[in-house]
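Analysis of the macromolecular model
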Amino acid sequence: MGISKVDEKQHTVSGTYWMMMGWGDPRLSWDPNMYGNITSVQVKAEKIWYPTSVCIINEIGNNKCIDAKDKQLTVYNYGFVGYLTNVESVSQCKIDVTKYPFDTQVCGLAFENVNFGTEFLKFNEDYSNFLLQYLQPSEVWDITNHTFNVHDVFDSNLNKTNQIIFFYVQLDRKPNYVIISTVLPVIILSVLNLFCFVVPIESGEKMGFAMAIFLTFAVFLTIINDSMPKSSDALPYFTIYLITQLVISGLIVMLEAFVLLVHFHFAARKEELDKNGKLTVKKTLKVTGTGILSPDGISPSPAMLVTDAKTEVFDGPHACAGIARGCRDKYP
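Residues numbered from 1 in each chain as written. Predicted model: local features only at pLDDT ≥ 70, side-chain atom pairs only at ≥ 80, totals over all residues. Heavy atoms only, no water.

Below, the discussion takes up the overall build of the protein chain. Helices and strands together make up the secondary structure of the protein chain, namely four helices and 11 strands. Out of the 332 residues in the protein chain, the part that is buried amounts to 36%. Element-wise, carbon and sulfur atoms account for 59% of the exposed surface of the protein chain, whose accessible area totals about 21,600 Å². (Helix = DSSP H or I, 4+ residues; strand = E, 2+ residues; numbered from the N terminus. Buried < 20%, exposed > 50% of the residue type's maximum accessible area, 1.4 Å probe, protein only. Areas by Shrake-Rupley, 256 points an atom, 1.4 Å probe, with all protein chains shown as cover.)

Residue Pro101 follows Tyr100 across a cis peptide bond; omega there is 5°. With respect to the element layout, Pro101 can be found in the loop between β6 (78-92) and β7 (104-113). One non-glycine residue with positive phi stands out, namely Asn37, at about 55°. Inspection of the secondary structure assignment puts Asn37 in the loop between β2 (12-29) and β3 (40-44). Looking at Asn37, the relative accessible area reads 57%, which means it is exposed.

Read from one edge of the open sheet, five strands run β1-β2-β6-β5-β3, paired in antiparallel fashion. Of all the strands in the sheet, the pair left with one neighbour each is β1 (2-7) and β3. When the angles between neighbouring strand axes are averaged without regard to direction, this sheet yields 35°. (Pairing = 2+ DSSP bridges. Axes fitted to C-alpha atoms, helices over the stretch in contact; angles between N-to-C directions.)

So, on to the packing of aromatic side chains. In the structure shown here, the tally under the stated rule is seven aromatic pairs. Aromatic pair Tyr78 and Phe80: ring centres 6.3 Å apart, planes at 25°, arrangement stacked. Overall, Tyr78 belongs to the exposed group, its relative accessible area being 56%. (Phe/Tyr/Trp six-rings, centres within 6.5 Å; stacked < 30°, edge-to-face > 60°.)

Moving on to the sheet that holds β7. Overall, antiparallel pairing links the four strands, which are arranged β4-β7-β9-β8 in an open sheet. Every interior strand has two partners, whereas the edge strands, β4 (54-56) and β8 (141-155), have only one. Put simply, the sheet's adjacent strands are angled 20° from each other on average, direction ignored. Two elements, β8 and strand β9 (residues 160-173), share 14 bridges in a ladder whose sense is antiparallel. Bridge pairing in β9 places His151 opposite Ile164.

For the protein chain, the average pLDDT comes to 78, and 78% of its residues sit at 70 or higher. Residue range residues 285-295 is modelled with pLDDT below 50. Its contacts to residues more than four positions away, or to other chains, number 24 contacts. (pLDDT = per-residue confidence, 0-100. Contact = heavy atoms within 4.5 Å.)

Under the definition given, this model contains five salt bridges. Between Lys174 and Asp142 there is a salt bridge, with its nearest N and O atoms 3.6 Å apart. Taken together, the positions of Lys174 in the loop between β9 and α1 (176-194) and Asp142 in strand β8 put the pair 32 residues apart, joining distant regions of the chain. What makes Asp142 partly exposed here is its relative accessible area of 36%. For Lys206, the salt bridge identified is with Glu256, shortest N-O distance 3.6 Å. Of this pair, Lys206 sits in helix α2 (residues 206-227) while Glu256 sits in helix α3 (residues 237-284), placing them 50 residues apart in sequence. (Salt bridge = Lys/Arg side-chain N within 4 Å of Asp/Glu carboxyl O.)

Membership of the largest hydrophobic core comes to 55 residues, with the highest contact counts inside it found for Ile66, Leu73, Phe111 and Leu242. With six residues, the top contributor of residues to this core is α2. Among residues more than four places away in sequence, those in contact with Ile66 are Met19, Met21, Pro51, Thr52, Val54, Ile56, Tyr83, Val87 and Phe111. (Core = buried A, V, L, I, M, F, W, Y, C linked by side-chain atoms within 4.5 Å.)

Moving on, we come to α1. Since one α-helical turn is 3.6 residues long, residues separated by three or four positions face the same way. Over its 19 residues, α1 extends 27 Å from the first C-alpha to the last, a length consistent with the 27 Å expected when each residue adds 1.5 Å. Taken as a whole, α1 carries its principal kink of about 35° at Val183; the proline Pro185 stands between one and four residues after it. Every buried residue of α1 is accounted for by Val178, Thr182, Val183, Val186, Leu189, Ser190 and Asn193. (Expected span 1.5 Å × (residues − 1). Bend = angle between axes of the 7 residues up to and from the residue.)

A word on the state of the cysteines. Taken as a whole, this structure holds two disulfides when the rule is applied. Each disulfide pairs two cysteine sulfurs, and for Cys55 the partner residue is Cys65, the sulfurs being separated by 1.8 Å. Here the S-S torsion is close to 80°, and the disulfide linking Cys55 with Cys65 is therefore right-handed. Placement of the pair is Cys55 in strand β4 and Cys65 in the loop between β4 and β5 (72-76), with a sequence separation of 10 residues. Assessed through its relative accessible area of 5%, Cys55 is described here as buried. Owing to a relative accessible area of 38%, Cys65 belongs among the partly exposed residues under this scheme. (Disulfide = S-S within 2.5 Å.)

Before going further, it helps to examine the layout of surface pockets. In this structure, the largest pocket spans a volume of roughly 1,200 Å³. In terms of lining, the largest pocket is formed by 38 residues, of which the most central are Met19, Met20, Met21, Asn129 and Phe167. When residues of the lining of the largest pocket are traced back to their parent elements, those giving at least two are β2, β6, β7 and β9. If one sorts the elements of the lining of the largest pocket by residue count, β2 sits on top with nine residues. When the residues that make up the lining of the largest pocket are grouped by side-chain class, the tally is 29 nonpolar, eight polar and one charged. By volume, the second largest pocket is sized at about 180 Å³. Asn63, Cys65, Ile66, Asp67, Lys71, Tyr83, Thr85, Asn86, Val87 and Glu88 together form the lining of the second largest pocket. (1 Å grid on protein atoms, 1.4 Å probe; cavity = no way out; pocket = protein on both sides within 12 Å on 5 of 7 lines; lining within 4 Å. Points joined across faces, edges and corners; volume = space filled by probe spheres on them. Nonpolar A, V, L, I, M, F, W, Y, C, P; charged D, E, K, R; others polar.)

Right under this line is the structure:
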């Protein structure tokens, strides 16, 4: 027995099982003492009666019913017939991925006698069992529990009661691979998302950093959704978390764009103001014939003549001509 695949999108479980089916037939009993102590014999199925109406009702493949044709049956001296066969089944199972990757699924096989009522064929729960001795472990799922039960179903249209026997297995997903490959990177990206505001604008990587995280969240969301069922009834919590982080990352990208816009707008404005200020200072310096007197008002200090921001220093009577009274007194 082994679970080969659980398809979350198609809600199916693929597995291989060894099934032992037996039934009583008093016509095939004998006394071993009269036949050389023979207690069992092998016969072909077409030589005796065997049930042909036991089917797996949740099977989606073509081989729904258990058919012993052309197979060997074991007949025991006390009137019991046994049939051992290998069943490869793809059965329907309601998959709930709400807690992915820590989800648990309960799936199994449902057998029903589809042609006859309980007056002709009944399932005996006392002789039914589910054995896991030959279980082949799965890489993704662990079988942690198993059970079976028989249900009576009354059909009012046909006025008969049928029986359905269910064999259930509880499958727990092994989360280690998903945690390492998906959950842990997403958590790291969520933390890095907060550091977008720390990256300096002068580095030129502020917008690129935010966009890279946004696109990475989008890729992870696509990968997860490709393996999840297209249903709104059971949206995984992890998918909701990814969508939330994707929205936050998108808002961060818009905020970063606004920050860059404001930064470069004010930088350009400041540069323009600095340029206009330098022009104003240059025009203010364009004066000629400016004399500077000494503090005592008698002896003039050397006069400065400024022309086109080029300074020349003069001293003597020519530098004071027509400028100040103190200068005329000093140099009549």
